Amino acid sequence: MMIADFGLSKRLDETSAASRSKAQGLTAYVDPQCFIIDTYKRNKLSDIYALGVIFWEITSGRPPFHTIRSQEAIAIQIFQNKRETPVENTPEGFVRLYKRCWDGDPKKRPEINIVYETIECLKSEENLPDLEKLTIQDHSPSENRYLGPPIVNPVLN
């Protein structure tokens with residue numbers, strides 16, 4: 001999976017001022033840590049936050065905080081740990097997943113492989129992992145797990 005904000009995206013290892021937290025990108029998708037810590041450097045867990053917001057957007061069919069016109073007002077909502085309300089009839093497992101992704105505490109957000117596995121479980125209606133018990137430390141990058149076939153761009157094939 002790849003999320004990009006064309007024109008504003010940067011490599012995670014860049015250290016320029018543009019890669020710092022200051023209000024860059026669409027406010028509703030910005031990691032809350034950027035509003036809390038002036039020098040916070042975005043990372044992969046910042047992308048997980050944005051993915052959670054996108055998941056909510058998919059279920060609602062509208063942009064987050066669409067009734068609020070001011071980007072500053074949206075930032076205040078996020079800073080105060082306010083998020084959009086789940087849409088009625090959204091599968092509970094999916095709601096738990098995106099709420100975990102958009103948690104204000106980056107340490108509580110799942111890594112992308114857990115997001116992927118959870119979505120696969122939701123698709124196949126298998127037993128879902130207990131997201132409350134999964135932490136980053138529970139899943140080291142060295143684990144050999146089958147995460148499904150590689151995602152291929154059909155336009156290029």
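Residues numbered from 1 in each chain as written. Predicted model: local features only at pLDDT ≥ 70, side-chain atom pairs only at ≥ 80, totals over all residues. Heavy atoms only, no water.

- Looking at an unreviewed UniProt entry, one finds the chain named Kinase-like protein, with Gigaspora margarita as its source organism.

### Structural notes on the packing of helix 2 (residues 44–60) against helix 5 (residues 112–124)
Part 1 of the argument: Two numbers describe how helix 2 lies on helix 5: the axes approach to 11 Å, and their chain directions differ by 25°. Judged on the interaxial angle alone, helix 5 and helix 2 are roughly parallel. By crossing handedness, the relation of helix 2 to helix 5 is classed as right-handed. Between helix 2, through Ile48, Leu51 and Phe55, and helix 5, the contact on the second element is made entirely by Ile112, Val115 and Ile119. (Axes fitted to C-alpha atoms, helices over the stretch in contact; angles between N-to-C directions. Helix = DSSP H or I, 4+ residues; strand = E, 2+ residues; numbered from the N terminus. Parallel < 35°, antiparallel > 145°, perpendicular 65-115°, else oblique. Left-handed = near helix turned anticlockwise from the far one by under 90°. Contact = heavy atoms within 4.5 Å.)

### Section: unusual backbone geometry
Part 1 of the argument: At asparagine 81, a position not held by glycine, the phi torsion is positive, near 65°.
Part 2 of the argument: By the secondary structure assignment, asparagine 81 is in the loop between helix 3 (71–79) and helix 4 (92–101).
Part 3 of the argument: The exposed category is assigned to asparagine 81, whose relative accessible area is 51%.
Part 4 of the argument: Positioned with a positive phi, asparagine 89 is a non-glycine residue whose angle comes to about 75°.
Part 5 of the argument: Structurally, asparagine 89 is set in the loop between helix 3 and helix 4.
Part 6 of the argument: By relative accessible area, which is 74% here, asparagine 89 ends up exposed. (Buried < 20%, exposed > 50% of the residue type's maximum accessible area, 1.4 Å probe, protein only.)

### Points about the side chain of arginine 83
Part 1 of the argument: For arginine 83, the location among the structural elements is in the loop between helix 3 and helix 4.
Part 2 of the argument: Of the side chains bearing the opposite charge, aspartate 103 lies closest to the buried arginine 83, which forms no salt bridge; the N-O distance is 6.5 Å.
Part 3 of the argument: Separated by 3.2 Å, the side chain of arginine 83 and the backbone oxygen of isoleucine 78 make a polar contact.
Part 4 of the argument: A polar atom in the side chain of arginine 83 sits 3.1 Å from the side chain of asparagine 81.
Part 5 of the argument: In contact with arginine 83, other than residues within four places in its own chain, are Pro32, Tyr49, Phe65, Gln77, Ile78, Trp102, Asp103 and Gly104. (Lys, Arg positive; Asp, Glu negative; His and termini not counted. Salt bridge = Lys/Arg side-chain N within 4 Å of Asp/Glu carboxyl O. Polar contact = N/O pair within 3.5 Å; in protein donor to acceptor, adjacent residues only side chain to side chain.)

### Considerations on helix 2
Part 1 of the argument: Along its 17 residues, helix 2 runs 25 Å from first to last C-alpha, staying within 8% of the 24 Å computed at 1.5 Å per residue.
Part 2 of the argument: Where helix 2 is buried, its residues contact helix 3, helix 4 and helix 5.
Part 3 of the argument: N-cap assignment for helix 2: the residue whose side-chain oxygen lies 2.8 Å from the backbone N of leucine 45 is asparagine 43. (Expected span 1.5 Å × (residues − 1).)

### Side note on the pattern of salt bridges
Part 1 of the argument: By the definition in use, this model includes 2 salt bridges.
Part 2 of the argument: The partner of arginine 109 in a salt bridge is aspartate 31, and the shortest N-O contact between them spans 2.9 Å. Of the two residues, arginine 109 is situated in the loop between helix 4 and helix 5 and aspartate 31 in the segment before helix 1 (33–36); the sequence distance between them amounts to 78 residues. Here arginine 109 matches aspartate 31 in class, with each residue buried.
Part 3 of the argument: Between glutamate 120 and lysine 123 there is a salt bridge whose closest N-O contact spans 3.0 Å. Of this pair, glutamate 120 and lysine 123 are both found in helix 5, 3 residues apart, which corresponds to roughly one turn of the helix.
Part 4 of the argument: Assessed through its relative accessible area of 60%, lysine 123 is described here as exposed.

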